[in-house]
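So you can see what is in the structure, the chains are spelled out below.
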Amino acid sequence: MVQINGKPVENAAGLTLADYLAQAGYSTAFIAVEKGGVIVPRAQYDTTVLTDGDVIEIVQFVGGG
């Protein structure tokens, strides 16, 4: 099972990061993704495959003032 933002997510293992983000409704223009404590470059979202035991953190940027 993959843990994303502190919660277990079933059926994420085997997906690419890009596929998961699209299914979950994230806009890749406004997020940063960390996998196992390391920032994943946006250019690698299509080739980064989620595997059992991965710990993913997704941070959305929010504008305001």
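Our subject is the structure listed above.
Attention here is on the structure that accompanies the text. (Residues numbered from 1 in each chain as written. Predicted model: local features only at pLDDT ≥ 70, side-chain atom pairs only at ≥ 80, totals over all residues. Heavy atoms only, no water.)

**Focus on the pairing of strand β5 (residues 55–60)**
Our working definition: Strand pairing follows a simple DSSP-based rule, namely that at least 2 bridges must link the two strands. Numbering goes from the N terminus for both helices and strands, where a helix is a DSSP run of H or I of at least four residues and a strand is a run of E of at least two.
Note that strand β1 (residues 2–4) and β5 share two bridges and pair parallel. Across the sheet, Ile4 pairs through a bridge with Ile56, a residue of β5. As paired strands, strand β3 (residues 31–35) and β5 are joined by five bridges and run antiparallel to one another. Residue pairing in the sheet places Lys35 in a bridge with Ile56 of β5.

**Examining the side chain of Thr48**
To keep it simple, the criterion reads: The rule is simple: take the accessible area with a 1.4 Å probe, protein chains only, and divide by the maximum for that residue type; under 20% is buried, over 50% is exposed, in between is partly exposed. As used in this structure description, the phrase polar contact means that two N or O atoms lie within 3.5 Å; if the pair is within protein, one of them must be able to donate a hydrogen and the other to accept it, and residues adjacent in sequence are counted only when both atoms belong to side chains. Residue contacts are defined here by distance: any two heavy atoms, one from each residue, within 4.5 Å place the two residues in contact.
If you trace the backbone, Thr48 turns up in the loop between β4 (38–39) and β5. Residue Thr48 is classed as buried on the basis of its relative accessible area, which comes to 10%. Here the side chain of Thr48 touches Gln44 through a polar contact of 2.7 Å, landing on its backbone oxygen. Every residue in contact with Thr48, bar those within four places of it in the chain, is listed here: Leu15, Thr16, Leu17, Lys35 and Val40.

**Quick notes on the pairing of β3**
Two elements, β3 and β4, share two bridges in a ladder whose sense is antiparallel. The residue of β4 that forms the bridge with Lys35 is Val38. Counted along the chain from β3 to the antiparallel partner β4, the turn is two residues long, and its residue Gly36 has a positive phi close to 60°.

**What to know about the pattern of salt bridges**
Going by this rule: Each salt bridge in this description consists of a side-chain nitrogen of Lys or Arg and a carboxyl oxygen of Asp or Glu lying within 4 Å of one another.
For the structure shown, the criterion picks out one salt bridge. Residues Lys35 and Asp54 are paired through a salt bridge, measuring 3.6 Å at the closest nitrogen-oxygen approach. Here Asp54 lies in the loop between β4 and β5 and Lys35 lies in strand β3, a separation of 19 residues in the sequence. Using a relative accessible area of 13% as the deciding quantity, one classes Asp54 as buried.

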